Amino acid sequence: MPDDHPRSLYESAHQAMGRRDFTSAVASLERLLPLPACDAAAWRLYGFALRELQRMADAIAAFRRAAALDPMDGLAAVAVAETMVQSGLPALEEARRAFDLSGGSDSQRLLTLASALVAEGRREDACDLVAARVRAEPGWLEGQHRLAEMRWVGGDAEHFADEYVAGVVAEPRNLRLRLGWFRFLCQAKRWGAARRVLSDAEQVFGPQQVLLIAKCYLAAESGTDAEAESLFELTKGLQDNVRDLAWIRHCLRQRRPEAAEATALRMTSSTSANLVWPYLSLIWRMRQDPRALWLDGSPPFVRALDVDLAQGEREELAALLRSLHTNQAPYVEQSVRGGTQTERPLFFRTEPIITTVKERLTKAVRDYIDGLPAAVEGHPLLGSPRKEILYAGSWSVRLQRQGFNVAHTHPMGWLSSAFYVALPAKEQMGAAPAGWIRFGEPPPELGLDISAYAEVEPREGRLVLFPSTMWHSTVPFEAGERLVLAFDVRRPGA
């Protein structure tokens with residue numbers, strides 16, 4: 001069969017998708033699509049490949065073509081809805097149609113419909129929709145988490161977990177449900193409630209390895225050091241990423257970097273590598289090990305660039321970003337304090353100002369990448385190939401009076417950023433370094449006497465780029481608004 005035969009091209013595209021070589025998949029399908037043999041499945045596959053390359057408008061068009069060719073194709077219908085929601089487009093009609101095609105039974109399509117409702121400003125309706133399904137199916141973990149999350153960011157800090165409570169009553173022997181509830185409570189720093197969840201679970205299930213690991217994590221993170229030490233001793237023969245990361249943090253609190261290092265080095269070859277590199281930086285700095293400079297750069301791999309964006313363009317961008325800050329509280333796992341963070345990827349949106357800003361920021365990212373030192377095998381920043389630029393996330397943070405970001409890293413990214421869109425007046429900001437971004441300072445809960453590598457002053461139109469594995473935080477400021485667009489560049493080849 002010749003290579004340009006429709007079946008060969010279609011099979012080639014499928015194989016490329018399996019290899020996650022989306023560029024080759026698109027190339028094969030673009031040779032196929034004009035042919036009469038093109039069908040709904042080919043258009044749908046084309047849409048998925050385009051979406052992976054973050055060509056969202058083209059993906060929507062391909063999914064719409066698939067849905068038109070086969071109106072009963074539920075996968076095409078939900079793909080249209082999902083991609084429109086991700087792109088910030090009104091998608092309620094499309095989401096309802098996709099949900100209806102499943103007979104109302106598909107839980108993932110229900111969540112897409114809930115997202116479309118939230119995007120339309122109908123958060124309560126979205127909560128009611130998910131709550132009704134969760135009450136009927138208490139063990140639906142994704143729905144439980146999404147419901148608690150929607151309530152939390154909507155400002156309900158009291159009743160966010162009500163359906164978890166009811167679910168455990170309905171299914172008392174559902175251990176995964178209890179652990180999902182426990183994890184959410186830990187992210188919200190509700191340590192007492194989390195402890196009660198584990199205690200109740202132990203009474204029902206008796207000794208369980210997963211509960212023992214959860215107790216290790218809870219003891220270490222809630223500050224009960226003696227209990228943590230005892231539990232870590234009990235579990236020292238286990239290799240579990242949750243337990244190991246809690247152990248590393250516990251050792252750092254106890255000023256025992258040598259004990260943490262062996263575990264951290266082992267984890268660099270695991271799927272949790274991006275989580276552990278930041279802790280190796282702290283370990284090596286505590287030990288005055290030159291590998292800290294190898295990891296973070298000497299000087300640090302931090303660069304501030306002024307982006308060519310006129311004042312009018314910044315004002316237009318600021319107005320759009322403010323309109324997207326509809327949450328009342330940040331997500332439980334986020335670093336924001338005294339402000340909010342937007343939902344859904346900003347760079348997938350279709351407004352012309354977003355397209356303009358993305359193009360200019362991408363050019364700055366390319367300049368940063370081209371200016372990096374030569375490749376270094378095994379290095380989390382310098383060891384990656386330097387090819388296409390795709391984004392692992394893009395969002396806005398809006399901080400107000402005394403707002404700040406706690407020290408954190410971005411394990412889903414390769415490069416991270418802060419682009420300053422609007423800032424308080426100097427007299428509002430307060431004395432320097434109020435409102436500045438700080439690099440290399442550890443999380444305060446670790447209690448380490450390690451100074452920041454650098455502090456960068458924010459300026460409107462300034463982009464700061466840095467490795468996603470580097471600790472960064474912001475200093476509280478006196479008053480006003482600090483509006484930032486941020487993004488993570490996806491690790492090339494990931």
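Chemist: Report on the environment of Arg135, specifying residues and quantitative values.
Modeler: The topology assignment puts Arg135 in helix H8 (residues 123-136). Measuring from C-alpha to C-alpha, the distance between Arg135 and Ala166 comes to 7.8 Å, with 31 residues separating the pair along the chain. Beyond its immediate chain neighbours, meaning those up to four positions away, Arg135 contacts Arg151 and Glu163.

Chemist: Report on the sheet that holds strand S9 (residues 482-489), specifying residues and quantitative values.
Modeler: Reading across from one edge, S1-S7-S4-S9-S3-S2 is the order of the six strands in this open sheet, with antiparallel pairing throughout. Each having just a single partner strand, strand S1 (303-306) and strand S2 (336-341) make up the two edges of the open sheet. Each neighbouring strand pair of the sheet contributes to a mean axis angle of 30°, computed without reference to strand direction. Where strand S4 (residues 415-422) meets S9, five bridges bridge the pair, whose relative direction is antiparallel. Across the sheet, residue Leu415 finds its bridge partner in S9, namely Val489. Where helix H19 (residues 311-324) meets the sheet, its contacts fall on strand S3 (391-405), S4 and S9, and the angle it forms with S4 comes to roughly 105°.

Chemist: Just give me the short version of helix H15 (residues 241-253), but keep the residues and values in it.
Modeler: Relative to the 18 Å expected for 13 residues at 1.5 Å per residue, H15 spans 18 Å between its end C-alpha atoms, a close match to the ideal helical length. All buried positions along H15 are accounted for by Arg243, Asp244, Leu245, Ala246, Trp247, Ile248, Arg249, His250, Cys251, Leu252 and Arg253. Lining the buried residues of H15 we find helix H13 (209-222), helix H14 (225-234), helix H16 (257-267) and helix H17 (273-286). Within two residues after H15, Arg255 carries a phi angle of roughly 60°, on the positive side.

Chemist: Go over the side chain of Gln54 with me, naming the residues and quoting the values.
Modeler: You can see Gln54 is positioned in the loop between helix H3 (40-52) and helix H4 (56-69). Look at Gln54 and you get buried, because its relative accessible area is 9%. What Gln54 contacts, discounting residues up to four positions off in sequence, is Phe348, Lys358, Leu390, Tyr391 and Arg490.

Chemist: Help me get a handle on the sheet that holds strand S6 (residues 454-456), residues and values and all.
Modeler: Read from one edge of the open sheet, three strands run S6-S5-S8, paired in antiparallel fashion. The sheet is open, and its two edges are formed by S6 and strand S8 (472-474), each paired on a single side. Going from strand to strand, the sheet's axes swing by 25° on average, the running direction of each strand aside. Sheet topology note: the strand S5 (residues 437-439)/S8 ladder contains three bridges and is antiparallel.

Chemist: How would you sum up the packing of helix H11 (residues 175-187) against H13? Please name residues and give values.
Modeler: Between H11 and H13, the least distance of the axes is 12 Å, while the angle of their chain directions is 10°. When the axes of H11 and H13 are compared, the pair comes out roughly parallel. Each of Leu175, Leu179, Phe182 and Cys186 in H11 lies in contact with H13, whose residues at this interface are Val210, Leu211, Ala214, Tyr217 and Leu218. In terms of residue class, the contact of H11 with H13 is made up of nine nonpolar, no polar and no charged.

So, how was this worked out
Residues numbered from 1 in each chain as written. Predicted model: local features only at pLDDT ≥ 70, side-chain atom pairs only at ≥ 80, totals over all residues. Heavy atoms only, no water. Helix = DSSP H or I, 4+ residues; strand = E, 2+ residues; numbered from the N terminus. Contact = heavy atoms within 4.5 Å. Pairing = 2+ DSSP bridges. Axes fitted to C-alpha atoms, helices over the stretch in contact; angles between N-to-C directions. Expected span 1.5 Å × (residues − 1). Buried < 20%, exposed > 50% of the residue type's maximum accessible area, 1.4 Å probe, protein only. Parallel < 35°, antiparallel > 145°, perpendicular 65-115°, else oblique. Nonpolar A, V, L, I, M, F, W, Y, C, P; charged D, E, K, R; others polar.

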